[in-house]
Amino acid sequence: MIETEGKTISVENIDTRELYGAKNVYLEQIKALHPKLKIIARGHTLKVLGAKGDIERFERRMQSLIDYYDRYGHISKEVVDQSFAAGFTTGDAPTESSSATARDSEVIVYGNNGVVVKARTENQRKLVNLYDKCDLIFATGPAGTGKTYTAIALAVRALRERQVRRVILTRPAVEAGEKLGFLPGDMKEKLDPYLQPLYDALNDMIPPLKLQKFMEDGTVQIAPLAYMRGRTLDNAFVILDEAQNTTRSQIKMFLTRMGRNAKFIVTGDVTQVDLPHKSDSGLVRAMNTVKDIPGIGFVEFDRSDIVRHELVKHIVDAFDRQDKIEEQRRREAREQRESENKQ
């Protein structure tokens, strides 16, 4: 007679709506694959009754399914079959129709709902390649080139692969034509809109429930640049976004936060400075200051890297042409004044 045992298996840190499927379709599939076991789902726990060996085998395969979801951000009937029938390890590429994409060497990370985040342009690939060679990288260029998005994808990958213990994303809280004091709410509510693009990128790459837990326990932190003062950032992947809006002293403060086993990426667009005086921007001055230090990489994105709507390229071109016209007018005005003064 086979002795029946029971075990409660926790499935925390994963949205059970994703794990069990719509109308519990994946849960019913899992039950059908284990006719010798009685499986009862209650919230974030599974009560499993049956023979000890069957339970142990089920637990291993259940963990492989959860690991798969952590890495690839989605579950399907085919994935459940692979996990519970044949079994696979986290490092295995899926054998679904998306397998060719999944094996693509340019994939950085697998986001939610099967979204594949990969380097799509030459300079995005350069940024990914520099990550293995440099602990500090400056990535500059116009809007829409994927600078920050690619950097955050690298950070999420490093966190998943346990290369770092935490990810810290920061921005200077600088008004772009609007004053913080006139916004409603407390200080956090005033600052969150400035940090929203960082939340948006994370929401593409980390399941909502896991991201919420990461935010609560400090594994993922999003904060204004001023909150970095006085900290030493060990075992962390840190991204400074919108760095063109830092002063020289602010960016120096940020760069000197680097601790042991840390990766820093600084992103910015030097043509979109929101400081009262554009000359106060510390980004270009900082890059010129550290350009000869080994272990620091530089990537300059350009219009060919723009991956947003096709119109964005034309908009950037139009503004660049207008800037050149205005600069020419200012130059001619200066020359005219100098000529008149000499007379």
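Heads up: the structure comes first, above all this text.
Residues numbered from 1 in each chain as written. Predicted model: local features only at pLDDT ≥ 70, side-chain atom pairs only at ≥ 80, totals over all residues. Heavy atoms only, no water.

## Quick word on a nonpolar patch on the surface
- On the surface, a nonpolar cluster with roughly 330 Å² of combined accessible area is contributed by L311, I315 and F319.
- Its location among the elements puts I315 in helix α12 (residues 310–342). (Patch = residues over 30% accessible without salt bridge, like charges linked within 9 Å, V, L, I, M, F, W, Y side chains within 5 Å. Areas by Shrake-Rupley, 256 points an atom, 1.4 Å probe, with all protein chains shown as cover. Salt bridge = Lys/Arg side-chain N within 4 Å of Asp/Glu carboxyl O. Helix = DSSP H or I, 4+ residues; strand = E, 2+ residues; numbered from the N terminus.)

## What to know about the sheet that holds strand β9 (residues 236–240)
- Taken together, the six strands give an open sheet; going across it, the order is β8-β7-β9-β10-β6-β11, and neighbouring strands pair in parallel fashion. The open sheet has two free edges, formed respectively by β8 (220–224) and β11 (296–300), since each of these has just one partner strand. Strand-to-strand twist in this sheet, taken as the mean axis angle between neighbours without regard to direction, amounts to 15°.
- Across five bridges, the pairing between strand β7 (residues 166–171) and β8 is parallel. Paired with I168 across the strands is Q221, a residue of β8.
- Where helix α7 (residues 147–160) meets the sheet, its contacts fall on β6 (136–140), β7, β8, β9 and β10 (263–268), and the angle it forms with β9 comes to roughly 170°.
- Seen against the sheet, helix α10 (residues 248–255) touches β6, β7, β9 and β10 and runs at an angle of roughly 155° to β10. (Pairing = 2+ DSSP bridges. Axes fitted to C-alpha atoms, helices over the stretch in contact; angles between N-to-C directions. Contact = heavy atoms within 4.5 Å.)

## Side note on the packing of aromatic side chains
- Under the criterion given, the structure shown has three aromatic pairs.
- With a centroid separation of 5.7 Å and an interplanar angle of 15°, the aromatic rings of Y131 and F237 are classed as stacked. Placement of the pair is Y131 in helix α6 (residues 122–131) and F237 in strand β9, with a sequence separation of 106 residues.
- You can call Y131 buried: its relative accessible area is 4%.
- Given the relative accessible area of 0%, F237 is considered buried.
- An angle of 40° between the planes, with centres 4.9 Å apart, marks the rings of F254 and F264 as tilted. One end of the pair, F254, is in helix α10; the other, F264, is in strand β10, and ten residues separate them in sequence. Accessibility assignment for this pair places F254 and F264 in one class, buried.
- Between K263 and the ring centre of Y131, over which it is positioned, the NZ or CZ distance is 4.4 Å. (Phe/Tyr/Trp six-rings, centres within 6.5 Å; stacked < 30°, edge-to-face > 60°. Buried < 20%, exposed > 50% of the residue type's maximum accessible area, 1.4 Å probe, protein only. Lys NZ or Arg CZ within 6 Å of the ring centre and 35° of its normal.)

Distances and angles like these do not, on their own, reveal function.
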